[in-house]
Amino acid sequence: MANITNREDVELAVENGADGVGLYRTEALFMYNDTLPTEDELVETLLDTLEPLGQKPCIVRLLDIGGDKTLPYLRLPPEESPFLGRRGIRLLFAYPELLNVQIRAILRLSTSRAIQIMVPMVTIPEDMERVRRLVGAAAQELGIQHLPPLVAMIETPAAALSVADVLKSADALSIGTNDLTQYVMAAGRQNPLASEYFQEMHPAVMRLIRIVCADAGPSLVGVCGELAGRLSAVPDLLSAGVRLLSVAPRMIPLVKDAVRRTPASPGGT
């Protein structure tokens, strides 16, 4: 599947044979406006962006800001260690109007498309429990009976080691290997002074990925970080139990070829 940001990405993904969108980064919908988009504006943009995809599935990530990303109209308080503070779903919980407008827009989209909701920066099972309650309440207000599946992003060691409990409120998992590596290796992904420690295939990182897949049981586990597009890593990810790889559109043919060339594991596919 493809990682996308805009309609051009979707068109390129389709041209390259994508089976769907595994990560729709929605930050551009919010970061380049002077005000918070309305629910109707979000629905209109989402529909236009995904139109070339047809009825192929799409996983839409809730706004993932904090750390190195901010909004011009949202005055976030300064943090001494922003990557260890309010990021992803933590920040959205602190600004309910920001979270609610996204949930309602995606729910409306789900009535006509195969949509899933991805939750960034999950740390504890209660994060997913809270999101599921909010999605359920919004769906009831909108008169929507069937909730889209919820996908928990596994980007923190705490979430990776709590998969069984996270899955009580999630339908699938997507491992964000960029941040998972950052937190496992204590090496900022954009810090050149620690670049030698940012090792995506370090045994500690790969061990956590295997633990996630094992503890997930029959639930789908995907990878949407840069590691999914590293061809040398594909056999290890498949062996661990990963069954969805979401990559840059131009990488799709190469990754598909790498998957086909990977021998089937004993008793599996």
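This text follows the structure it describes.
Cut-off values and rules
- Residues numbered from 1 in each chain as written.
- Predicted model: local features only at pLDDT ≥ 70, side-chain atom pairs only at ≥ 80, totals over all residues.
- Heavy atoms only, no water.
- Helix = DSSP H or I, 4+ residues; strand = E, 2+ residues; numbered from the N terminus.
- Buried < 20%, exposed > 50% of the residue type's maximum accessible area, 1.4 Å probe, protein only.
- Salt bridge = Lys/Arg side-chain N within 4 Å of Asp/Glu carboxyl O.

A. Here's a closer look at unusual backbone geometry. Phi angles above zero are rare outside glycine, and M121 is one such case at about 60 degrees. Relative to the helices and strands, M121 resides in strand 4 (residues 115–122). Overall, M121 belongs to the buried group, its relative accessible area being 3%.

B. Summary view of the pattern of salt bridges. In this structure the tally under the stated criterion is 16 salt bridges. In this structure, R87 engages D179 in a salt bridge whose closest nitrogen and oxygen atoms are separated by 3.1 Å. One end of the pair, R87, is in the loop between strand 3 (58–61) and helix 4 (89–94); the other, D179, is in helix 9 (residues 177–185), and 92 residues separate them in sequence. The pair R87 / D179 is uniform in exposure class, with both members buried. In this structure, D165 engages K168 in a salt bridge whose closest nitrogen and oxygen atoms are separated by 3.0 Å. According to the relative accessible area criterion, D165 is partly exposed, its value standing at 36%. Overall, the relative accessible area of 66% leaves K168 in the exposed class. Sharing partners across several salt bridges, the network here consists of E39, D40, R104, R108 and E141.

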